[in-house]
Amino acid sequence: MEWRDLGILLATRRHGEGSAVIDVFTAGHGRHAGLVRGGAGRRFAPLLQPGAQLDVTWRARLPAQLGTYRVEPMRSRAGLVMDSRLALAGLNAVTALLSFCLPERAAHERLYAESERLLDLLGQDDVWPLAYLRWELVLLEETGFGLDIARCAVTGASDDLAYVSPRSGRAVSRTGAGEWAERLLPLPDCLRGIGPAPDGEIAAGLRVTGHFLAHHLAPAQGDHPLPDARARFVEVFSRRL
């Protein structure tokens, strides 16, 4: 068994004397682990950092085996996060969430493309938080928990949308909300791609996506809590409000 693909390195763990098992989110084969011989040595260890873009070739005798990777580093993203706490926290949040929620060996080509695009923006702190928020929307959609925020769930109207149902993920207008407004999540315009996106609105959007990540997606993963890296990113971002 053999295939070649492009991927984003999510995590590395030492294996034996000098090898490493790496978890890679690949374009065509999803999240896929494999052994890199010598991966913990001086040659590879500095290159096998989370977020690195890799050209990988996977081999195994049988499909169910762990298999081995031959790795060709394409580009490192370590330099993009060295001077920015926001970028470092963002990188950790993305890799941790992908490791947490993606099943092994299930392709998510759209999510892969969006993840690569997002990580290439690391270091551009003026645009990255909004790009990250939109990435979380794609992550929810690709894992089966997407929001339906184009029309009001009560009236069917597409204007004056102000809330999101915490249960269904559907938008609700001010008129449709009525006396239930206090039980709904505020819907910032930036979640719908409307108007400017000041940091306060992005923070409100992260509270919405965070609710569905924590209360819908996480329970589907065996009721494990979300990775702490996501909360740390939100905390770092909130300091600039």
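Everything below is about the structure shown above.
Residues numbered from 1 in each chain as written. Predicted model: local features only at pLDDT ≥ 70, side-chain atom pairs only at ≥ 80, totals over all residues. Heavy atoms only, no water.

J.: Talk me through the side chain of Asp23; I want residue IDs and the actual numbers.
T.: On the secondary structure map, Asp23 appears in strand S2 (residues 19–26). Residue classification places Asp23 among the buried residues on the basis of a relative accessible area of 13%. (Helix = DSSP H or I, 4+ residues; strand = E, 2+ residues; numbered from the N terminus. Buried < 20%, exposed > 50% of the residue type's maximum accessible area, 1.4 Å probe, protein only.)

J.: Tell me about the packing of helix H2 (residues 85–101) against helix H7 (residues 228–238), and please be specific about residues and values.
T.: Running from N to C, H2 and H7 point in directions that differ by 155°, and their axes come no closer than 8 Å. Looking at the two axes, H2 sits roughly antiparallel to H7. H7 is crossed by H2, and the crossing has left-handed handedness. Residues Arg85, Leu86, Ala89, Gly90, Asn92, Ala93, Ala96 and Leu97 of H2 form the contact with H7, whose own contacting residues are Ala229, Arg230, Arg232, Phe233, Val236 and Phe237. Partitioned by chemical class, the residues of the contact of H2 with H7 number 9 nonpolar, 2 polar and 3 charged. (Axes fitted to C-alpha atoms, helices over the stretch in contact; angles between N-to-C directions. Parallel < 35°, antiparallel > 145°, perpendicular 65-115°, else oblique. Left-handed = near helix turned anticlockwise from the far one by under 90°. Contact = heavy atoms within 4.5 Å. Nonpolar A, V, L, I, M, F, W, Y, C, P; charged D, E, K, R; others polar.)

J.: How would you explain the packing of aromatic side chains if you had to name every residue and give the values?
T.: Taken as a whole and assessed by the stated rule, the structure comprises 8 aromatic pairs. A ring pair is formed by Trp3 and Trp58, whose centres lie 5.8 Å apart and whose planes are at 20°; its orientation type is stacked. Residue Trp3 is found in strand S1 (residues 2–15), and its partner Trp58 is found in strand S4 (residues 53–59); the two are separated by 55 residues along the sequence. For the pair Trp3 and Trp58, a shared accessibility class is recorded, and that class is buried. Note on Tyr132 and Phe233: the rings are 4.5 Å apart at their centroids and 55° apart in plane angle, and the pair reads as tilted. Of this pair, Tyr132 sits in helix H4 (residues 128–142) while Phe233 sits in helix H7; the two residues are 101 residues apart in sequence, bridging distant segments of the chain. Its relative accessible area of 0% is what places Tyr132 among the buried residues. (Phe/Tyr/Trp six-rings, centres within 6.5 Å; stacked < 30°, edge-to-face > 60°.)

J.: Describe the sheet that holds strand S6 (residues 148–152), naming the residues involved and giving the relevant values.
T.: In spatial order, the strands read S6-S8-S7-S9; together these 4 strands make up an open sheet with mixed pairing. Each edge of the sheet is formed by a strand with only one pairing partner; in this case those strands are S6 and strand S9 (185–186). Note that S6 and strand S8 (residues 170–173) share 2 bridges and pair parallel. Note that in S8 the partner of Cys152 across the bridge is Ala171. (Pairing = 2+ DSSP bridges.)

J.: Tell me about the nonpolar core, residues and numbers included.
T.: Ranked by internal contacts, the top residues of the largest apolar core, which has 58 residues, are Val94, Leu98, Leu111, Tyr132, Trp135, Leu139 and Phe233. When neighbours within four sequence positions are excluded, Tyr132 is seen to be in contact with Ala93, Val94, Leu97, Leu118, Leu206, Arg230 and Phe233. One finds Leu9, Ala60, Tyr69 and Val71 within the second-largest nonpolar core, a separate group that totals 14 residues. (Core = buried A, V, L, I, M, F, W, Y, C linked by side-chain atoms within 4.5 Å.)

J.: Explain the side chain of Asp55 to me, and be specific about the residues and the numbers.
T.: As for its position among the elements, Asp55 is in strand S4. Here the side chain of Asp55 touches Arg4 through a polar contact of 2.7 Å, side chain to side chain. With near-sequence residues (within four places) excluded, Asp55 lies in contact with Arg4, Asp5, Leu6, Arg70, Val71, Glu72 and Met74. (Polar contact = N/O pair within 3.5 Å; in protein donor to acceptor, adjacent residues only side chain to side chain.)

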